[in-house]
Every structure is written in structure tokens, then in C-alpha cells.
Amino acid sequence: NNMSHPPSFVLSSSNRQPCLWMKALLSYTVSHLSTAPIKLITRLLHCLWQVMKTCKKMGIKTVAVHSDVDASAVHVKMADEAVCVGPAPTNKSYLNMDAIMDAIRKTGSQAVHPGYGFLSENKEFAKRLAAEDVVFIGPDTHAIHAMGDKIESKLLAKAANVNVIPGFDGVVEATRVILCSGGGGKGMRIAWNDDETREGFRLSSQEAASSFGDDRLLIEKFVDNPRHIEIQVLADKHGNALWLNERECSIQRRNQKVVEEAPSTFLDPETRRAMGEQAVQLAKAVHYSSAGTVEFLVDSNKNFYFLEMNTRLQVEHPITECITGLDLVQQMIRVAKGFPLLHKQEDIPINGWAIESRVYAEDPYKSFGLPSIGRLSQYQEPINLPKVRVDSGIQEGSDISIYYDPMISKLVTYGATRAEALQRMEAALDNYVIRGVTHNIPLLREIITHPRFISGDITTNFLPEEYPEGFKGHQLTSEGRRELVSTAAALYVSAQLRSQRFLGNLRVSTTPQEQRQWELCVELEKGSHTVAVSRSGSTFTVSDTHTHTHTHSGVEVDGVTVEVSGEWNLASALLPVTINRTPRVLQCLSRDAGGDITLQYLGTQFKVRVLSQLVSTLSAHMPEKVPEDTSSILRSPMPGSVVAVSVKPGDVVAEGQEICVIEAMKMQNSLIAAKAAKVKSVHCKAGETVGEGDLLVQLE
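Residues numbered from 1 in each chain as written. Predicted model: local features only at pLDDT ≥ 70, side-chain atom pairs only at ≥ 80, totals over all residues. Heavy atoms only, no water.

Details of the overall build of the protein
Alright, step 1. Helix and strand counts for the protein come out as 17 helices and 37 strands.
Alright, step 2. Across the 700 residues in the protein, those meeting the buried criterion constitute 55%.
Alright, step 3. Across the protein, the fraction of contacts at a sequence separation of at least 24, relative to all contacts at a separation of at least 6, is 65%.
Alright, step 4. In the structure as shown, the protein presents an accessible area of about 29500 Å², 51% of it carried by carbon and sulfur atoms. (Helix = DSSP H or I, 4+ residues; strand = E, 2+ residues; numbered from the N terminus. Buried < 20%, exposed > 50% of the residue type's maximum accessible area, 1.4 Å probe, protein only. Contact = heavy atoms within 4.5 Å. Areas by Shrake-Rupley, 256 points an atom, 1.4 Å probe, with all protein chains shown as cover.)

Topic: helix H13 (residues 441–448)
Alright, step 1. Most of H13 is tucked away: eight of the eight residues are buried.
Alright, step 2. Those residues of H13 lying buried are Ile441, Pro442, Leu443, Leu444, Arg445, Glu446, Ile447 and Ile448.

Digging into the sheet that holds strand S34 (residues 667–672)
Alright, step 1. The four strands lie next to each other as S34-S33-S31-S36, forming an open sheet whose pairing is antiparallel. A single partner strand is all that each edge strand has here, and the edge strands are S34 and strand S36 (689–690).
Alright, step 2. Note that strand S31 (residues 640–645) and strand S33 (residues 658–664) share four bridges and pair antiparallel. When the bridges of S33 are listed, Ser641 appears paired with Glu663. (Pairing = 2+ DSSP bridges.)

A look at the packing of aromatic side chains
Alright, step 1. Applying the stated criterion across every chain yields a total of eleven aromatic pairs.
Alright, step 2. Feature note: the residues Tyr94, Phe118, Tyr403 and Tyr404 constitute an aromatic cluster, connected by ring pairs.
Alright, step 3. In this structure, Lys302 is placed above the aromatic ring of Phe266, and the distance from its NZ or CZ to the ring centre is 4.3 Å.
Alright, step 4. Across the ring face of Phe453, the terminal group of Arg418 is positioned such that the distance to the ring centre comes to 5.0 Å. (Phe/Tyr/Trp six-rings, centres within 6.5 Å; stacked < 30°, edge-to-face > 60°. Lys NZ or Arg CZ within 6 Å of the ring centre and 35° of its normal.)

Digging into helix H11 (residues 328–336)
Alright, step 1. Counting buried positions along H11 yields nine of nine residues, so the element is predominantly enclosed.
Alright, step 2. Taken residue by residue, H11 has Leu328, Val329, Gln330, Gln331, Met332, Ile333, Arg334, Val335 and Ala336 as its buried positions.
Alright, step 3. Just past H11, the residue Gly338 takes up positive phi, approximately 105°.

Digging into the pairing of strand S6 (residues 227–235)
Alright, step 1. The element S6 is extensively covered by neighbouring structure, given that nine of its nine residues are classed as buried.
Alright, step 2. Neither face of S6 is left uncovered, since the one carrying Arg227, Ile229, Ile231, Val233 and Ala235 and the one carrying His228, Glu230, Gln232 and Leu234 both have all their residues buried.
Alright, step 3. Where S6 meets strand S9 (residues 290–298), nine bridges bridge the pair, whose relative direction is antiparallel. Its bridge partner being in S9, Leu234 is matched across the sheet by Ala291.
Alright, step 4. Inspection of the sheet shows S6 paired to strand S7 (residues 241–253) by six bridges, in the antiparallel sense. In the strand pairing of S7, Val233 is matched with Trp243.

Considering unusual backbone geometry
Alright, step 1. Between Ala262 and the following residue, Pro263, the backbone shows a cis peptide bond with an omega angle of 0°.
Alright, step 2. Positionally, Pro263 belongs in the loop between strand S8 (256–262) and helix H9 (269–285).
Alright, step 3. With a phi angle near 55°, His287 is a residue other than glycine that sits in the positive phi range.
Alright, step 4. Inspection of the secondary structure puts His287 in the loop between H9 and S9.
Alright, step 5. His287 sits in the exposed class, given a relative accessible area of 57%.
Alright, step 6. Residues other than glycine seldom take positive phi values, yet Lys387 does so here, at roughly 55°.
Alright, step 7. Note that Lys387 resides in the loop between strand S15 (378–380) and strand S16 (388–392).

Details of the sheet that holds strand S30 (residues 633–635)
Adjacent strands of a sheet pair through backbone hydrogen bonds, lying either parallel or antiparallel.
Alright, step 1. Spatial ordering of the open sheet is given by S30-S37-S35-S32, a layout of four strands whose pairing is antiparallel. The sheet terminates laterally at S30 and strand S32 (652–653), the two strands that pair on one side only.
Alright, step 2. Here strand S35 (residues 677–682) runs beside strand S37 (residues 695–699); their pairing, made up of three bridges, is antiparallel. Pairing of Val679 across the sheet is with Leu699, part of S37.

Topic: the pattern of salt bridges
Alright, step 1. Enumeration over the complete set of coordinates arrives at 32 salt bridges.
Alright, step 2. Between Glu465 and Arg452 there is a salt bridge, and its shortest N-O distance comes to 2.9 Å. Pair noted here: Glu465 is in helix H15 (residues 462–466) and Arg452 is in helix H14 (residues 451–455), with a separation of 13 residues, a long-range link.
Alright, step 3. Several salt bridges converge on common partners, so that one network encompasses Glu230, Arg247, Lys257, Glu260, Glu295, Glu316 and Arg358. (Salt bridge = Lys/Arg side-chain N within 4 Å of Asp/Glu carboxyl O.)

Here's the deal with the confidence of the model for the protein
Alright, step 1. Mean pLDDT over the protein: 85, with 85% of residues reaching 70 or higher.
Alright, step 2. Scored below 50 in pLDDT, residues 174–182 makes 46 contacts in the model with residues more than four places away or belonging to other chains.
Alright, step 3. Overall, residues 550–557 carries pLDDT values under 50, and its contacts beyond four positions in sequence, including any with other chains, amount to 13 contacts. (pLDDT = per-residue confidence, 0-100.)

Thoughts on the nonpolar core
Alright, step 1. Ile408, Leu411, Tyr432, Ile434, Ile447 and Phe453 are the most contacted members of the largest nonpolar core, which totals 36 residues.
Alright, step 2. When sequence neighbours within four positions are dropped, the list of residues in contact with Phe453 reads Ile251, Val259, Glu261, Arg418, Leu422, Ile447, Ile448, Ile458 and Phe462.
Alright, step 3. Counting 35 residues, the second-largest nonpolar core is a separate cluster that includes Ala488, Val533, Leu586 and Leu602. (Core = buried A, V, L, I, M, F, W, Y, C linked by side-chain atoms within 4.5 Å.)

Digging into the state of the cysteines
The term disulfide refers to a covalent linkage connecting the sulfur atoms of a pair of cysteines.
Alright, step 1. If you walk through the whole model with that rule in mind, you get zero disulfides.
Alright, step 2. We note that Cys660 lacks a disulfide partner, and the nearest cysteine sulfur, in Cys684, lies 4.9 Å from it.
Alright, step 3. Residue classification places Cys660 among the buried positions, given a relative accessible area of 0%. (Disulfide = S-S within 2.5 Å.)

Examining a nonpolar patch on the surface
Alright, step 1. Residues Ile190, Trp192 and Phe222 make up a contiguous nonpolar surface patch of about 330 Å² in total accessible area.
Alright, step 2. For Ile190, the position within the fold is in the loop between helix H7 (150–159) and helix H8 (194–212). (Patch = residues over 30% accessible without salt bridge, like charges linked within 9 Å, V, L, I, M, F, W, Y side chains within 5 Å.)

Describing the packing of helix H5 (residues 123–131) against helix H6 (residues 141–148)
Alright, step 1. In the contact formed by H5 and H6, the axes pass within 9 Å of each other and the chain directions differ by 175°. With respect to their mutual orientation, H5 and H6 come out roughly antiparallel. For the pair formed by H5 and H6, the contact residues are Lys123, Ala126 and Lys127 on the first element and Thr141, Ile144 and His145 on the second.
Alright, step 2. For the contact of H5 with H6, a count of residues per class yields two nonpolar, two polar and two charged. (Axes fitted to C-alpha atoms, helices over the stretch in contact; angles between N-to-C directions. Parallel < 35°, antiparallel > 145°, perpendicular 65-115°, else oblique. Nonpolar A, V, L, I, M, F, W, Y, C, P; charged D, E, K, R; others polar.)

Overview of the packing of helix H12 (residues 418–430) against H13
Alright, step 1. Between H12 and H13, whose axes approach to 10 Å, the crossing angle comes to 160°. Between H12 and H13, the angle falls in the class roughly antiparallel. In the packing of H12 onto H13, the handedness of the crossing is left-handed. For the pair formed by H12 and H13, the contact residues are Leu422, Met425, Glu426, Leu429 and Asp430 on the first element and Ile441, Leu444, Arg445 and Ile448 on the second.
Alright, step 2. Its residues assigned to classes, the contact of H12 with H13 shows six nonpolar, no polar and three charged. (Left-handed = near helix turned anticlockwise from the far one by under 90°.)

Brief notes about the environment of His343
Alright, step 1. Locating His343 in the fold gives a position in the loop between H11 and strand S11 (353–360).
Alright, step 2. What makes His343 buried here is its relative accessible area of 11%.
Alright, step 3. Residues His343 and Ala241, spaced 102 residues apart in sequence, show a C-alpha to C-alpha distance of 9.6 Å.

Here's what the structure looks like:
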């Protein structure tokens, strides 16, 4: 165990000595499984990383399946063998059971770990594996079927004396809506009136059919302002079942989790025990055997209601591993082999606190995160920091495509207390380098530093309540503006000084003595700052001699002095500095000869322009670019495929009327008209692939 990381890989619950069963299982796998590899089939690469790591630790060989576009993926390189199962579309590769079964036969694989992707909860796939005497590392087909159907699972939960949400217990035939199978927030809509119900039915059924091959829907009462808290369960084939404490997953956007933590700040020991016991009751009622998760909605009075059971490993399982010391993948493999659980309920601890941030290739300024695609031109994980874990399946040079989930990684931090875990998460986000795609680190950092989140006062409505006008990034205070202006000025001067030297010497021998004071103009947002900069070694002193602002907020007092010191390594992706004795880690994302600098500060990107006094005076005479009139055009807000186009040239549309539907990374998005107008031209058709910013429809 490397204690620079959270204790998620420790094999004993006490964290003091190795489990005896591990010695026996390792001996068995070396002699009986080493020539017959376990087969790994999910495309969710951040899961494969953990599964393969555990298999290697247990001496089990692995085989990865991949689509043709994933031929160079990290999981393919990690595996002992790899088999291509088809082209990029999921129904032709990762959901193609015939191709995957052929891969199993070809490699002689004895078992399949499905991760938490496409076929992980597919009973037909589990049946086909059983028919060929291949072990499915997960529950049996009965449990998958019972818990995979939301209608049947609700009835079974009732029968097992588990609290359930009031609602209609049958299949909805007309336009009433919630998804019957599937998950991940896909196919789910909230309907407040008849029109929204009809619209939600259409979009939800299409998403369900596309993602899960099942377009049946059900309807339940909408619980307003709930918390989403889930219980991790672990059961074997001998009737033993445990609950491994809870995970708080209330921070969500579009019903998909963004930040999770374990344990929850909200639960008291009595409620935790009651939820855990009901989760175990349900697991035993369906003869569950493997790791699984029972999800609950919890209201402000600590009343809790069964939501669903996920019969697979969850994305957020690492935070449970951190606070319990158990490797859940290892436990799943062990259970699948037929071993009984070694732990009793009283053995399961809550040691410390763990937080997970889901790092996505998404634009957080668009509906809290619309997908982004591109190639990772630079990628550096913050794993050098203590007690930081990153589960990812990508590397520098990897492509983020429109075909799969946009998650880049799961960033996990661990601490003895929640405050310590949050502090480490803040540092990890600042030190995480992702270039080439738009990512959601600005949103993640704002969430974990938000006073309401720090206090633990959260619900599933946290994001829309705190950002009713949408996420706008970090809002600079007067102090923050001074820090950013001063750092930009110091960086500009450092670059100027470096450009005067070659191999440590001045480029021109007759150059006069090196300059030590500068008068600069720094433009940030709508403010212009005249600053005086002086240098002593690696420390810059920046004085704001005059500030012009065009807003009523953030006006600074003239004459404030800021000291900025650092190594000023302009080739490094990270820019660690100390500002008035406060350590900060910024990132310089770009800078050019014209003085334009883009800095990532407190998670958010800020565009700064630093000019000499003369250039600043002359730039005032430059013409400004007139912004495009976006009310008359509709551009794609994300890369994806066109599912439907509802208008044609000459049609008259009303404000808010649907123009077309774009599907991106398994989510369907309805695009509407910004105003009432006549359609001038249509530049897309159903089935086409479009990029972010592509012109779709033009209005008169």
C-alpha cells in the first residue's frame, strides 16, 4: 500500500495485514487461471483501468475488446490481449453480443467483467455467457432482470418492505413518463403540464430505445428538493449480504451525477442503518450475489424512498473503497468464483472522508455541460499530490469522440476529515492539466468551494438553484481581480525578459542594463488597469496606479500593492506562484506576442491583455469586431448527429418552437427558435453528423 494514495487498494478491512483469502485466491488463479484470461468488455475506460489493475494484482490475465476507433486506447495497451469487435457505433461494437461472444471463444476467456457500461445489466448477455459456461462477474440473470425493470423492481421492493415512491405501478401506454429500464439519467424527464408530458414522452422513449433497446416508460411522483443517497451492497452466493455505507450523489445535472462523497453529511447513524438494512433486504429478496447499489431519494425529514438498484459496479465506487479499505472489483471476482464473504457487518468501517469529481469533456457554460470533442493535446493528472486517485482510460493524444460517454476521468481525494478531502480536491483540480477539449473543471471547482456545498446543505436542485441563469464561471472579487491582474503582469514581464536572452546570455551584447521597472496596461473583463511593475529576483511587485472599470462591481482602490513570486517556468503547464504569501496554482493556457494571455485561475479561464503604455494608447484606435446576430440563426451547441429536422424553408415558426433534435453521447437535445420568424434556409438533415457551431437553420 502506497500511503501517498487513499487506502482504496488495501486488501484488509483493518489496513494492517493482508487478507488470508487473498493468498489462497492468488495461488489458485496463478495455477488455474493464468493461461485462461478474464475478459473485459466495457468501453468505459476509467472503469477498465481499475478492473485491469486489480486483475494484474491477482495474477489474472486480461483481454480487452474495442471498437476500431479505440484501437489505440489505454485499456487496449494495458491488456494481455485485445480483440476488435466492430466499428465505432455502439450497436455495432460494444453492444454487439455476437462479436463479443466470438471474442470470448477466440481467446478462451473464462469470465467476463462488464464494468459499468453497455452490457453490464443485460440479462440476455448474462444468459448467453452462462450457456457457454463463461462466468459473468456480476449477479445472476434473475437479479439483473428483476432490478433492471423499474416496474418489477418497485413491486419487489414493496414486497421486501422497502420504502418506495408513490406512483403508477404498470407500464405507461400513453404519454406519461419515466424510463422503465436503463439509467445514467438518460430517458428521464420531469413534466409539469400536459405539453411537457407529451414532449417528455417522445424524447424519453427515443433516448431509451437508442441507449437501452427498451422504450417502455413508467410514471412516478416527482419528489421535490430531495437528496440522492445510495447504499453500496455486497453479497455472495451463500446468502450473506453486507451494506458498505452510503454515498451522497445529490450534485447532478440532467439527472446525472457530477460530484459524490462518502459518507453523507446528512445521515445520522440510525437513518444510515435503516437504509442499509433495507438495501440488504432487497438484495436478499432477489438472491443477489456481487457488488450492487441501491439508490434512494431522501427528503428533508430523512424519509427515504427506493429509487432503483444498479446491478453492477458504480462509477463512484472508489469513494466507498477509500472509506472502507475494500477493493470492490476484487470482491466481485472473489464472489463470482464462489467464495463466501469474509467480513461481517460490524467489520465495515467509516474511515475518513472521500470525494469524487467526474471530469467530463463538456462545456459547463452550456446547460451545465454539453459534450465537447477533440484530441487531448496535453494531459497531466495530479497524481503527484498526496491521497489523490485518478481513474481514467485516456492519455495525451487520445481522442474524445461523439460516439461514447464524455467522461475523462474520476478524480478522487481522501482525507481524515471532509475539510481535508475538500482541500485536496481543490488542489487536485488546480493541478489537473487538460488541453485540446473543453472540460468541466471550472464547474467542479466552483461546486466544491461553494459555501452551501461546504455546509452540506445540498439537494438534487443545487445547480439550478445556485445558478438560475446558468453557470458563468468564477466571479472575481476585488482581491481576486488584483491577484489575476498582478500575475498576468508578472508573467508578461517574465516572458519579455526571457525573450531578451539566449542560453542564459543577453541576445545583443550592447544591450543596456536589464530593465527593472515597467509601466503596463492590463485589460481584464471590462476593466483596464494601469500598473507599475518592479522586479527583485523571482519576485515581482505590482502596484495598481489607476483603474478604469465599466461596471459598478469590482472597483479597486488605486495604489494597492501585490507581491507575486514563483519560478516562472514558461515551458511548464502549471504556474505555481505565491501571491501576498498565499500559494496559488494557475495555468497559462495561451499567450501571444500581442499581449493576449489566457490564464486558468481558481478553475476558470480568464482572457487578459497586457500592453505597454504606448501600445495601449494606440490600440484604442483599432476597430472592434461586430458580434453575430444569433437570434436569426441556429447553430449546433455541441457535436452530434441530427435525429430530426422539424422545419423546411418557408415555414413560419413561433418563439420556442422545436427546430431540430441533436443526439450527442446518447442524450437527445431539442433545439428551439429564439424568436418568431420565417425559415429562410435549412442546412442539415436527419442522419447527418454536425460539429459544434455548425449552422443548422437560418431565419429571416
